[in-house]
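# Tertiary structure, described
Residue-level listing of the chains:
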Amino acid sequence: QVQLVESGGGLVQTGGSLRVSCAASRSIFMFNAMAWYRQVPGKQRELVAAITSGGSTSYADSVKGRFTISRDNAKNTVFLQMNSLKPEDTAVYYCNAQLLAAIYWGQGTQVTVSS
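This report concerns the structure included in the present document. No experiment lies behind these values; they were computed from the predicted model shown.

## Focus on the packing of aromatic side chains
With the rule as written, the count across this model stands at 1 aromatic pair. Centre to centre, the rings of Tyr37 and Trp105 are 4.9 Å apart; their planes meet at 70°, and the pair counts as edge-to-face. Remark: Trp105 occurs in strand β10 (residues 102–105) and Tyr37 occurs in strand β4 (residues 33–39); sequence separation between them is 68 residues. In this arrangement the basic side chain of Arg45 is found over the ring face of Tyr94, its NZ or CZ atom lying 3.7 Å from the centre. Note that Arg45 overlies the ring of Trp105, its terminal NZ or CZ placed 4.5 Å from the centroid.

Encoded structure:
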């Protein structure tokens, strides 16, 4: 019943910035937590950043200092601001939301970083 729609992916050169968005079909304040994951073909989906209902954030070591997760409750949207992008950041980025014991996923948005 919950729909998550990612947007904002695209092509960017090394060192550039990109912001991806995740629009939810319901008020995001009801989610226990929301997160961004990424995945490349043949590899396991990787947690990139997360934000709890209380506002606590966490990041993968590989993106600390470069990525920032945030939310806009009025817009039912979470964001991932990606700065100083590297080719190894290339992946499909997925939005994730947790509501009690239920987990929801978006369909992903492609981010490609080239030199």
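## Observations concerning the nonpolar core
Ranked by size, the top nonpolar core spans 29 residues in total, and within it Met34, Trp36, Leu80, Met82 and Tyr93 carry the most contacts. Taken together, the elements giving at least two residues each to this core come down to β3 (18–24), β4, β5 (46–52), β7 (67–72), β8 (77–82), β9 (91–99) and β11 (109–114). With 5 residues, β9 is the largest single contributor of residues to this core.

## Some points on the sheet that holds strand β1 (residues 4–7)
Strand order in this open sheet of 4 strands is β1-β3-β8-β7, and the pairing throughout is antiparallel. The strands lining the two open edges of the sheet, one partner per strand, are β1 and β7. Sheet twist, expressed as the average angle between the axes of neighbouring strands with direction ignored, equals 15°. Here β7 runs beside β8; their pairing, made up of 6 bridges, is antiparallel. Its bridge partner being in β8, Thr68 is matched across the sheet by Gln81.

## Things to note about the pattern of salt bridges
One pass over the structure, following the stated rule, counts 4 salt bridges. A salt bridge links Arg38 to Asp89; the nearest nitrogen and oxygen atoms lie 2.9 Å apart. Taken as a pair, Arg38 in strand β4 and Asp89 in the loop between β8 and β9 lie far apart in primary sequence, 51 residues in all. Neither residue differs from the other here; Arg38 and Asp89 are each classed as buried. Between Asp61 and Lys64 there is a salt bridge; the shortest N-O distance is 3.3 Å. Three or more residues joined by partner-sharing salt bridges are found here, namely Arg38, Glu46, Arg66 and Asp89.

## With respect to the side chain of Arg66
Mapped onto the secondary structure, Arg66 falls in the loop between β6 (57–59) and β7. A polar side-chain atom of Arg66 sits 2.8 Å from the main-chain carbonyl oxygen of Ser62. At 2.7 Å, the side chain of Arg66 forms a polar contact with the side chain of Asp89. When residues no more than four places from it in sequence are discounted, the contact partners of Arg66 are Gln81, Met82, Asn83, Ser84, Leu85, Lys86 and Asp89.

Definitions and limits used
- Residues numbered from 1 in each chain as written.
- Predicted model: local features only at pLDDT ≥ 70, side-chain atom pairs only at ≥ 80, totals over all residues.
- Heavy atoms only, no water.
- Phe/Tyr/Trp six-rings, centres within 6.5 Å; stacked < 30°, edge-to-face > 60°.
- Helix = DSSP H or I, 4+ residues; strand = E, 2+ residues; numbered from the N terminus.
- Lys NZ or Arg CZ within 6 Å of the ring centre and 35° of its normal.
- Core = buried A, V, L, I, M, F, W, Y, C linked by side-chain atoms within 4.5 Å.
- Buried < 20%, exposed > 50% of the residue type's maximum accessible area, 1.4 Å probe, protein only.
- Pairing = 2+ DSSP bridges.
- Axes fitted to C-alpha atoms, helices over the stretch in contact; angles between N-to-C directions.
- Salt bridge = Lys/Arg side-chain N within 4 Å of Asp/Glu carboxyl O.
- Polar contact = N/O pair within 3.5 Å; in protein donor to acceptor, adjacent residues only side chain to side chain.
- Contact = heavy atoms within 4.5 Å.

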